[in-house]
Amino acid sequence: MCDQIADGVIASRVSRRRFLHSAAWMSGAVATGAGSWVLQPPWANAAATPIKVGIATDLTGAIAYAGNANANAARMVVKDINDAGGILGRSIALFFADTASNESIAVSNVRRLIQRDKVDLVLGGITSSMRNAIKDVIVTRGKTLYIYPEQYEGKECTPYLFCTGPTLSQQCDRFIPWLIKNGGRRFALPAANYVFPRAVNEHTRKLIENNGGEVILEEYYPVGQIEYGATVSRIMTNNVEVVLNTIIPPGAGPFLKQLHEAGFGRRGGRLACLYYDEASLNINEPQEIEGMANCLDYFRAVTSEDPASARIQAEYDREFPGRILFAAGTGATGMYRGLKLWELAVKEAGNLDREHVAAALDHAKISEGPGGPAEMVPGKRHCKMNMYTAVAKNGNFEIVARSEGLVDPMAC
Amino acid sequence: MESTLNATFEVLSFGAVFVLVVLGLGIVAGMMGIFNFAHGDFVLLGAYTTYLVYSLGLPVWLGMLAAPLVVAAIGFVLERLVIRRFYVIPVIAMVATYALGLIIREGVRGLIGGLYLSVPEPIVGSFTVAGAHFSRWRLAIIVIAVTVTITGYFLLTRTSFGLRVRAALDNPSLARASGISTSALYAATFTVGAGLAGLAGALVVPLFSLFADLGIHFLILGFLAILIGGIGTFQGSIAGAATVGALSAALPWAVAPVLADALVFVIAVVFIKFRPKGLIA
Amino acid sequence: MAAASPTPVGSLRGYQRHMIPILEIVLFAVFAAAPIVLQDYMTVFVTRVIILALLALSFDLAWGYSGIMSFGQALFFGAAGYGVALLARDLQMTSAFIVLPAALVIGLGLSLAIGAFLLLGRHPPTTIFVALGTLAGSYVADRLARDWYYLGGQNGIPSIPPMTAGGYEFAEGPAYYYLALTVLVIVYLVCRFVVRSQFGLALAGVREHEARIAFLGYEAQHMKLAMFSLAGAVAGLAGGLYAFHEGFVWPNMLGVVVSTQIVLYALFGGVGTLIGPVIGVMAIEIASFSLSDSVPKIWPIVLGLLLLFAILFAPAGLIGLVASERERLGDFGRPPLQPRQADAMPDDAAA
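Cut-off values and rules
Residues numbered from 1 in each chain as written. Chains lettered and ligands numbered in written order. Predicted model: local features only at pLDDT ≥ 70, side-chain atom pairs only at ≥ 80, totals over all residues. Helix = DSSP H or I, 4+ residues; strand = E, 2+ residues; numbered from the N terminus. Rg over C-alpha atoms; globule rule 2.2 N^0.38 Å. Buried ≥ 20, exposed ≤ 12 C-beta atoms within 10 Å, placed from the backbone. Contact = placed C-beta atoms within 7 Å. Domains from an automatic or database assignment. Nonpolar A, V, L, I, M, F, W, Y, C, P; charged D, E, K, R; others polar. Core = buried A, V, L, I, M, F, W, Y, C linked by C-beta atoms within 7 Å. Pairing = 2+ DSSP bridges. Right-handed = clockwise from strand over helix to strand, strands pointing away. Expected span 1.5 Å × (residues − 1). Axes fitted to C-alpha atoms, helices over the stretch in contact; angles between N-to-C directions. Parallel < 35°, antiparallel > 145°, perpendicular 65-115°, else oblique. Left-handed = near helix turned anticlockwise from the far one by under 90°. pLDDT = per-residue confidence, 0-100.

Visitor: Can you break down the overall build of chain B residue by residue, with the values?
Guide: Of regular secondary structure, chain B possesses 11 helices and two strands. Its helices and strands taken in sequence order, chain B reads α-α-α-α-β-β-α-α-α-α-α-α-α from the N to the C terminus. The C-alpha atoms of chain B give a radius of gyration of 19 Å, which matches the 19 Å a tight globule of 281 residues would have. Seen through its principal axes, chain B has C-alpha atoms that stretch 60 × 50 × 35 Å. Out of the 281 residues belonging to chain B, those deemed buried represent 58%.

Shown next as structure tokens:
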């Protein structure tokens, strides 16, 4: 602990000028991620120990763009909380562990978070396999609360593990009928070969068939595959009208490009992809993904309808200009939601005891967040939120449908 | 009929680019005995250079012209500084090239923010033959790759430089004893190999978009290709690349793609078991 | 491998001729005492390093002593890991007396099968063919595991219960640490015995010049197969330990990335010495761990740079910095010829 204090600013002796001077250095450190402290506000009593929050996400590796978005969102929220006085009179200190898209490394680094840094809460994990790898270390062996912020298939029911990203049910139950109305009845489900796409296809197949549609093609490809001529050919010859894609990068870009070249869009075909957000728009040229639809808890376009979302987006853009975007597919929105809900829970519980906080978190509600309010469903550890259907037009997402109120996650 | 044409065309275009990658990898492996783990990342560098030029507002084809030159230059520097020291212990060179590859790959990842970025093709649009659509750029790729390969072939067989390269490939000590400067030759070969990889990267980046792990895909398949084709000959590299490229592009048309992926390897291993010298001994 | 020019005995001090045993003893002392001084999470981390060192050891048996460039050690490691995970999940077997032998047997069986296919046959295989064959095995296993729902697909098998012995549970921390260390030491001693035995001597001959040894009547391929199977067994054992320690298994454990990393860690440490790969794994894992803490966003680049510079200055591996070339390559117990006695009668020179 002492070496951590030495690293940071010793608050009780900080004058305003020194505070600003070290703020400049600290923001550099925060930006690069070196060291583990967020700016400690001047009001913080040096004697009171800070509340420690651990962020375990992909700072390096294949999905680093998503992990870093999560990390930035966390930094932003914690800074806001600290600026407003912290929680229970204590400031929050952030600790980062790189999960590096590698489960082995992740487990070691997360263990360090739990055992050395002794954090009171861990948020993070992006892929389901990563969540599965680190949840034991955090929840069972580490006896710590874990919040998972990313969209996923929705079957995680471990106690003390709370999910603040949309579940498949939230994404698809309204989206599929919309697709049938605005695309057609003949569906193709090209997918990457791992758990999430399989769960997606299992869920959506039922929805499609119940709504009068038909699944013409359901195929699985190795994650690294980058040539899709065979698939595209089958899609075109079978007159598929809607392609609900769960092929992930690196295959996604070439697949969509080849589909476009074959004339799918030109003949009125509809594209849909459950993880597509603003961060994914760079993968293809705008004309190749024209009309791509998705249903998520947040799009940048929501900022024109919801002032809270606008404020959050503006603050993020100001603090983190550049390529790492605040987008729903990365889990950044779930990260925001998770931290704010947890803040409320700790305030209600009055202490950091895992049992008390978990009990309070179980029914926590925030009235402002990206996309609107959010409410935990008691007993289910999943979150109700607004869902928006958007379509890509000319390289930007436009909202075309909204849920009527908060959508139930239908999980556990 | 239409899908057969499409399949053939797709196989050809991937195979053509793959040949460029394998040529560099194979000749270096054959001549210096070094399997360059960073070769895939040379491909990445070629793609990145193209993207960089394009993002500066310049035309894409300019980036594609610059890419092989830039990567060749980087290859030359790396050869002089690092690779050269491992000619006596080629096995250890693997660690060094792996480290180099790691640095390049993670460096590029940091520079592009870990994103997947698209680069438009210089020649847009498609043409139709017998009812099937073919991308113009893929055709251009085939033409360019074939031209470069044929040029390389003539370089190897008709020039004195090529003669020296083939001598060094065949019997390095005898070549040295005959007065051929293997040091300069190795440098030249490595540089050209890197340049070819850079060109391949530049050509494929509009098809596959730019991402930091672009090179790894080519590396593993490249390894297979030089083994099937036989190490150390020009024709061998081409045969190997063509076979592996064709197999990996064609199998998904016939078998479930997940199976096809693993099948390429199994077929390769079984093949070499019964023909250890490779396709072209 | 390049033939060693005999270092004149006079140029090496007494202890310098025995750096490897000294290193072994020092390292053993350090490992034995570590949990007493380290914090719990560091002990857990070093346990993992010990288990990976076991895996690197298996590679050294294959390449450093038998000339088999195995890019597939992860296959045996991962297969055994999955095997014991299934035993724990489906049959509720977590006893160390069952799962550790099971892991060993799985590794042994697989490597025997694959080794037989790759090594036996009319023509002795080239180094590169074996490399490819093992690489392919690793790659195919990875793809299979990813696709098979029973094995958990991409997610693998999580939440493996702790290993038991009687009523005792091996929790992570000092308990598991000493278990892993004990296994490592036993395996290490066994390997040391094997490579210094007559069998090991013949194997060294195979490594240096296979055709010559074959002409002398040794069944080179059979010997290599035996060693490859031993390597597979050790890798399997490591996999079993790893599965229970980490609490989960996943397809990457079987795949090409881990296989390649082990090759590189071992080469980095110095092959053909048994202790070299242990040092290599230690060095790289500790470097990764501390770098990801101090420079979290760019640590892979820093690691690459460190690796590069280290290998440039120590091409024979880290062990080459400490042990002389002659000691690394081995003199098998007979004192070397003194230069001034080189033209003496043979029975004078032999001591």
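Visitor: So what's going on with the overall build of chain A? Residues and values would help.
Guide: A count of helices and strands for chain A gives 13 helices and 15 strands. A buried classification covers 58% of the 412 residues belonging to chain A. Taking all contacts inside chain A whose residues are at least 6 apart in sequence as the whole, residues at least 24 apart take part in 71%.

Visitor: Give a description of the domain arrangement of chain A that names residues and reports values.
Guide: Quite often, the size of an interface is put as the accessible area lost when its parts meet. All names here are of chain A. Here chain A is described as being made up of domain 1 (2-166 + 308-379) and domain 2 (170-296 + 388-402). Contact with domain 1, which involves 12 residues of that partner, is made by 13 residues of domain 2. Classifying every residue of the side of domain 1 that touches domain 2 gives six nonpolar, five polar and one charged.

Visitor: So what's going on with the interface of chain B and chain C? Which residues, and what values?
Guide: Contacts between the two partners involve 28 residues from chain B, matched on the other side by 28 residues from chain C. Breaking the side of chain B that touches chain C down by element, the ones donating at least two residues are α4 (90-111), α9 (214-229) and α11 (257-274) of chain B. With 13 residues, the single largest contributor to the side of chain B that touches chain C is α4 of chain B. The residue makeup of the side of chain B that touches chain C, split by class, is 23 nonpolar, two polar and three charged.

Visitor: Give a detailed account of the nonpolar core, specifying residues and quantitative values.
Guide: The biggest cluster of nonpolar side chains holds 357 residues, and the ones touching the most others in it are Val17 and Val95 of chain B together with Ala53, Leu54, Ala56, Val234 and Leu237 of chain C. Considering every element that reaches this core, the biggest residue donor is helix α2 (residues 40-66) of chain C, with 18 residues. Leucine 54 of chain C has contacts with Val183, Leu184, Val187, Val234, Leu237 and Ala238 of chain C, leaving out every residue within four places of it along the chain.

Visitor: Summarise the pairing of strand β4 (residues 145-148) of chain A; cite the residues concerned and give the values.
Guide: Residues and elements named next belong to chain A. Side chains Leu145 and Ile147 of β4 all project onto a buried face; the interleaved residues Tyr146 and Tyr148 project onto the opposite face, where all are buried too. Pairing of strand β3 (residues 121-124) with β4, which is carried by three bridges, proceeds in the parallel orientation. Bridge assignment links valine 122 to a residue of β4, and that residue is tyrosine 146. Following the backbone out of β3, through helix α5 (residues 128-141) and into the adjacent parallel β4, one traces a crossover that is right-handed.

Visitor: Quick rundown of helix α4 (residues 96-119) of chain C? Include the residues and the values.
Guide: In a regular helix each residue adds 1.5 Å, so 24 residues correspond to 34 Å; α4 of chain C covers 33 Å between its end C-alpha atoms and thus fits that length. Directly after α4 of chain C, the chain includes glycine 121 of chain C, whose backbone phi takes a positive value near 140 degrees.

Visitor: Please set out the interface of chain A and chain B residue by residue, giving values where relevant.
Guide: Listed per partner, the contact involves 31 residues of chain A and 29 residues of chain B. The dominant element in the side of chain A that touches chain B, judged by the number of residues it contributes, is helix α10 (residues 252-261) of chain A, at four residues. Considering only residue class, the side of chain A that touches chain B consists of 15 nonpolar, 10 polar and six charged.

Visitor: Break down the environment of glutamine 313 of chain A for me, with residues and values.
Guide: All names here are of chain A. The topology assignment puts glutamine 313 in helix α11 (residues 307-319). Glutamine 313 sits in the partly exposed class, given 18 other C-beta atoms within 10 Å. Separated by 149 residues in sequence, glutamine 313 and threonine 164 have C-alpha atoms that sit 18 Å apart. When neighbours within four sequence positions are excluded, glutamine 313 is seen to be in contact with Arg300, Thr303 and Phe326.

Visitor: Lay out unusual backbone geometry in plain terms, naming residues and giving numbers.
Guide: All names here are of chain A. Between proline 249 and proline 250 the backbone carries a cis peptide bond, its omega angle lying at 5 degrees. Positive phi is not limited to glycine here, since serine 101 has a value of about 50 degrees. Here serine 101 lies in the loop between β2 (92-98) and α4 (103-115). Here serine 101 falls in the buried class, since 23 other C-beta atoms lie within 10 Å of it. Backbone geometry at asparagine 394 places phi at a positive 60 degrees, although glycine is not the residue there.

Visitor: Summarise the packing of α4 of chain B against helix α10 (residues 256-269) of chain C; cite the residues concerned and give the values.
Guide: In contact at an axis separation of 9 Å, α4 of chain B and α10 of chain C are set at 115 degrees when each is read in the N-to-C sense. With respect to α10 of chain C, the axis of α4 of chain B lies roughly perpendicular. The hand of the α4 of chain B/α10 of chain C crossing is left-handed. Of the residues in α10 of chain C, those touching α4 of chain B at Val91, Ile92, Met94, Val95 and Tyr98 of chain B are Leu264, Leu267 and Phe268 of chain C. The residue inventory of the contact of α4 of chain B with α10 of chain C, partitioned by class, reads eight nonpolar, no polar and no charged.

Visitor: Give a description of α10 of chain C that names residues and reports values.
Guide: All names here are of chain C. Here α10 contains 14 residues, and its C-alpha end-to-end distance of 20 Å stays within 8% of the 20 Å for a straight helix at 1.5 Å per residue. Among the 14 residues of α10, 12 are classified as buried, and the element is accordingly described as predominantly covered. Turning to α10, its buried residues number three or more, namely Val256, Val258, Ser259, Thr260, Ile262, Val263, Leu264, Tyr265, Ala266, Leu267, Phe268 and Gly269.

Visitor: Tell me about the pairing of strand β12 (residues 374-377) of chain A, and name the residues and values.
Guide: All names here are of chain A. Alternating positions in β12 separate cleanly, Ala374 and Met376 being buried on one face and Glu375 and Val377 remaining unburied on the opposite face. Relative to β12, strand β11 (residues 365-366) runs antiparallel, the two sharing two bridges. Following the sheet pairing, lysine 365 is matched in β12 by glutamate 375. Note: β12 against strand β13 (residues 382-385), four bridges, orientation antiparallel. In the strand pairing of β13, glutamate 375 is matched with lysine 384. Once β12 ends, the chain turns through four residues before running back antiparallel as β13, passing glycine 379 with a positive phi of about 85 degrees.

Visitor: Which residues make up the packing of α4 of chain C against helix α9 (residues 220-246) of chain C, and what values go with them?
Guide: Residue and element names in this part refer to chain C. Running from N to C, α4 and α9 cross one another at 145 degrees; their axes reach a closest spacing of 7 Å. Considering how the two elements wind past one another, α4 and α9 form a crossing that is right-handed. A per-class count over the contact of α4 with α9 returns 17 nonpolar, nine polar and one charged.

Visitor: Please set out the confidence of the model for chain A residue by residue, giving values where relevant.
Guide: Per-residue pLDDT for chain A averages 85, and the proportion of residues at 70 or more is 88%. Ignoring residues within four places in sequence, the model shows residues 1-39 of chain A, a span with pLDDT below 50, making 44 contacts including any to other chains.

Visitor: Break down the environment of glutamate 305 of chain A for me, with residues and values.
Guide: Residues and elements named next belong to chain A. By the element assignment, glutamate 305 lies in the loop between β10 (293-296) and α11. Residue glutamate 305 is classed as partly exposed on the basis of its 13 C-beta neighbours within 10 Å. The spacing of glutamate 305 and methionine 376 is 71 residues in sequence and 23 Å in space, taken between C-alpha atoms.

Visitor: Break down the environment of arginine 138 of chain B for me, with residues and values.
Guide: Residues and elements named next belong to chain B. Note that arginine 138 resides in helix α5 (residues 136-158). As a C-alpha pair, arginine 138 and leucine 263 span 125 residues in sequence and 26 Å in three-dimensional space. Other than its neighbours up to four places away in sequence, arginine 138 contacts Phe9 and Ser13.

Visitor: Pulling in residues and values, what's your account of the confidence of the model for chain B?
Guide: Considering every residue of chain B, the mean pLDDT works out to 85; 96% of them sit at 70 or more. ipTM for the predicted complex: 0.85, alongside a pTM of 0.84.

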